[in-house]
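Summary of structural features
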Amino acid sequence: MEIISDTSVNDLRVSAAAGQDASIRFRLLNHDTTQTALLTHISGTDLCIWMVDTNDAVSEGFDQILHKASAINFWGTICFSVLIIALIFLYRKNMFTLMMDPVTGGYSPSRFNQEAERLIARSAPGDYTFIVMNTAGFKLFNDIYGYAESNRILKHIHSTILKYLEKGEILARFGADDFNLLIHTTSEEVMVQKLDLVVDEINQFNAHLREKQWIIFRAGVYQIADTTLPVVHIRDRANIARKKLEIPTGDILYSCGFYEEEDRAQLQQENILTNKMDDALKTQDFKVYLQPKVDISTGKIINAEALVRWEDADMGLVPPDKFIPLFEKIGFIRRLDLYMWEQVCICLRRWLDAGLQAIPISVNLSRMHLINRDFLAPFIEIQKKYAIPPKLLELELTETAFQDRPDAIPEAISQIHLAGYSCSLDDFGSGYSSLNNLESLDIDILKLDCKFLRDARTENDKGHIVIEELIHMARRLGITVCCEGVETEDQLAFLRKCHCDIGQGYLFSKPVEVAAFEELLFGSVSGNP
Ligand code: C2E
Ligand code: CA
Ligand code: CA
């Protein structure tokens, strides 16, 4: 250590002994920096404090720390700024997704809801109308074209609808393919005209396509009478109106329904039925009723039709028109038809086992089955399980199936024949009947709808002539004719005169439980369920 102050180490010792303060400056060996030491006497004691002021060393360290701190500060500021920019970017992006539909570039659902709440709150009852438009079978587009192309289709639908909107009217896509519109109320007629134009323009792209791919809609409309309703409830009402519609068929591109108060009750009823149907199938609450089909020339029961009834503990006996349309809409009808088929097979097996003269029974086949090319496989499986001779089974296909899927029908009929069952064309004349069907389809039995007999009132009127000619034509084509809705002796006499083969109607019997039918057919059968 090298002393560089005037004070020596000895001077320090003297000062300490005298109880005085002193200081010394020195430099440590191999060190460039000088240090100062201070000796301070603690008053009232014999003690001193020895402090070393490492002045230069500290300042050097301090410089380094300052240097590091400013570097940290610099990079910290950079990182912080990047973080803030990222946060702003994320916030904007979030706001963007919150406010804008990335597929259509239009309003997002939440933006639409906000705007709709605002517009409706300011409006008078009846000023605005809420429309929900849903594209039927859009999933198919996804399957055929993939997501990217399907998204372009959605954008196209959106931009086309948007063109027809006026100031103060809004639109957004909800879910996959639901379009919600809030528009000024006009008359139903004007609204339908507008929908015509919109849907037509949406489908314009088909003009250049050889294989047309129609975009079909179901539109539910609610004219907002109660402006205090939250938008979710307003939308529910438009959806109720939409759900009561059938999916348009043929060359009809959209169907449009208007909300009515009683629709809500209907929807509630449908919800009750939907909630109960699975259990009802398990607990066998669906009952087979049989209605005889009678040979007109002999008056004998030669056939029967199985018709479903729902026996429910709370609802009582529910007729099919209360639940079949619903089941067709939600697809449950396929399970129900198979259940009926199985019950019919069980019944026939019992007759055969009892050595009774079993007669063929027909089961109604909903058009919903025809969606699946292999629809008959489960029917065949059941028939084989109970070892029923196929000639004892008949499937009734309604005329409406021909409008929906004309291409699938010939194939379905040939499958039915291949399995050995008979095939009848049901409700002929109830809708858009086509005489072509008689000639082109390989059906075994033509069932003339009740409507024909109802319309044939006076002798030799047009109704009578039509029935007569239809029977004549069917017979020449080798098709058996069954006339439905025979209620009076006069009608029966007329059918006999026209050589109609089979009659079905209340004159012979209403549809009855299996046990009652067996009474009619065999007298009585032991071992009835
Ligand atoms: P449908 O297949 O045309 O059945 C004949 C309907 O006419 C039956 O009505 C029957 O009770 C009724 N009917 C029979 N004779 C007369 C008559 O003389 N006068 C009048 N006014 N009506 C008569 P139901 O049983 O109410 O069935 C209605 C419809 O429900 C059936 O019409 C059929 O389309 C459908 N359906 C019934 N059961 C089934 C089923 O198991 N599966 C399917 N998919 N549909 C079924
Ligand atoms: Ca039928
Ligand atoms: Ca019928």
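Scroll up to find the structure.
The model shown is predicted, which means the values in this text are computed figures rather than measured ones.

Attention now moves to the coordination of the calcium ion (ligand 3). The calcium ion (ligand 3) binds to the protein through Asp426 (OD), Asp427 (OD), Glu484 (OE) and Glu484 (OE); the donor distances cover 2.1 to 2.4 Å. Positions of the donor residues of the calcium ion (ligand 3), expressed as sequence spacing, correspond to D-D-x56-E. Here the calcium ion (ligand 2) and the calcium ion (ligand 3) are spaced 3.9 Å from one another, each receiving a donor from Asp426. Judged by its relative accessible area of 3%, Asp426 falls in the buried class. Since its relative accessible area comes to 22%, Asp427 is described here as partly exposed.

Time to look at the nonpolar core. Counting residues in hydrophobic clusters, the biggest one holds 79 residues, and the most contacted among them are Phe286, Phe327, Leu448 and Leu495. Among the elements that line this core, the one with the most residues is helix α9 (residues 333-353), at 10 residues. Not counting chain neighbours up to four residues away, the residues in contact with Phe327 comprise Met277, Phe286, Trp310, Phe332, Ile333 and Leu336. Counting residues in each nonpolar core, the second largest holds 27 residues, with Ala136, Leu154, Phe179 and Ala219 among its members.

Below, the discussion takes up the sheet that holds strand β9 (residues 254-258). Spatial ordering of the open sheet is given by β6-β7-β5-β8-β9, a layout of five strands whose pairing is mixed. Single-partner strands in this sheet number two, and they are β6 (170-174) and β9. The sheet shows a mean angle of 20 degrees between the axes of neighbouring strands, direction not considered. Here strand β8 (residues 217-223) runs beside β9; their pairing, made up of five bridges, is parallel. The residue bridging Val221 from the neighbouring strand is Phe258, located in β9.

Okay, the pairing of β6 next. For β6, the tally of buried residues reaches five of five residues, placing the bulk of the element in the interior. Of the two faces of β6, both are covered, the one formed by Ile170, Ala172 and Phe174 as well as the one formed by Leu171 and Arg173. Hairpin remark: β6 followed by strand β7 (residues 178-184), antiparallel, with three residues in the connecting loop; positive phi at Gly175, about 55 degrees.

Under the defined criterion, the tally for this structure stands at two cavities of 30 Å³ or more. Each pocket or cavity is described by its volume, and for the largest cavity that value is around 100 Å³. Within the residue set of the lining of the largest cavity, elements represented by two or more residues are β5 (128-135), β7 and α5 (188-202). Among the residues making up the lining of the largest cavity, the classes are represented as 10 nonpolar, no polar and two charged. In this structure, the second largest cavity occupies an estimated 40 Å³ of space. If you go around the second largest cavity, the residues you meet are Ile240, Lys243, Lys244, Asp263, Gln266, Leu267, Glu270 and Lys329.

Time to look at the layout of surface pockets. What the second largest pocket holds in volume is close to 1,100 Å³. For the lining of the second largest pocket, the secondary-structure elements that each account for two or more residues are β11 (301-312), α8 (324-330), α9, β13 (361-365), α11 (400-404), β15 (422-428) and α14 (450-455). With five residues, the top contributor of residues to the lining of the second largest pocket is β11. The residue makeup of the lining of the second largest pocket, split by class, is 14 nonpolar, 12 polar and 13 charged.

Note on backbone geometry: most residues besides glycine have negative phi, and most peptide bonds are trans. Even without a glycine there, the phi angle at Gln284 is positive, about 55 degrees. Here Gln284 lies in the loop between α7 (261-282) and β10 (286-295). Overall, the relative accessible area of 41% leaves Gln284 in the partly exposed class. Phi angles above zero are rare outside glycine, and Asp427 is one such case at about 55 degrees.

Near ligand 1 you find 21 residues, and of these Gln291, Arg309, Asp337, Glu487 and Tyr506 are the closest. Contact between ligand 1 and Val308: a nitrogen atom at 3.1 Å from a main-chain N or O atom of the residue. Side-chain polar atom of Asn364 to an oxygen atom of ligand 1: 3.1 Å apart, as the coordinates give it. Within the complex, the protein chains bury 81% of what would otherwise be the 790 Å² of accessible surface of ligand 1. Most atoms of ligand 1, that is more than half of them, are within 2 Å of grid points of the second largest pocket. Breaking the shell around ligand 1 down by element, the ones donating at least two residues are β11, α9 and β15. Along the lines of polarity and charge, the residues of the shell around ligand 1 split into nine nonpolar, five polar and seven charged.

Tracing the chain through its elements places Leu140 in helix α4 (residues 138-163). A relative accessible area of 52% means that Leu140 is categorised as exposed. Sequence-wise, Leu140 and Glu342 are 202 residues apart; in three dimensions their C-alpha atoms are separated by 32 Å.

What counts as what
Residues numbered from 1 in each chain as written. Chains lettered and ligands numbered in written order. Predicted model: local features only at pLDDT ≥ 70, side-chain atom pairs only at ≥ 80, totals over all residues. Heavy atoms only, no water. Donors = N, O, S within 2.8 Å, 3.2 Å for Na, K, Ca; no water. Buried < 20%, exposed > 50% of the residue type's maximum accessible area, 1.4 Å probe, protein only. Core = buried A, V, L, I, M, F, W, Y, C linked by side-chain atoms within 4.5 Å. Helix = DSSP H or I, 4+ residues; strand = E, 2+ residues; numbered from the N terminus. Contact = heavy atoms within 4.5 Å. Pairing = 2+ DSSP bridges. Axes fitted to C-alpha atoms, helices over the stretch in contact; angles between N-to-C directions. 1 Å grid on protein atoms, 1.4 Å probe; cavity = no way out; pocket = protein on both sides within 12 Å on 5 of 7 lines; lining within 4 Å. Points joined across faces, edges and corners; volume = space filled by probe spheres on them. Nonpolar A, V, L, I, M, F, W, Y, C, P; charged D, E, K, R; others polar. Near = heavy atom within 4 Å. Polar contact = N/O pair within 3.5 Å; in protein donor to acceptor, adjacent residues only side chain to side chain. Areas by Shrake-Rupley, 256 points an atom, 1.4 Å probe, with all protein chains shown as cover. Sits in = over half its atoms within 2 Å of the grid points.

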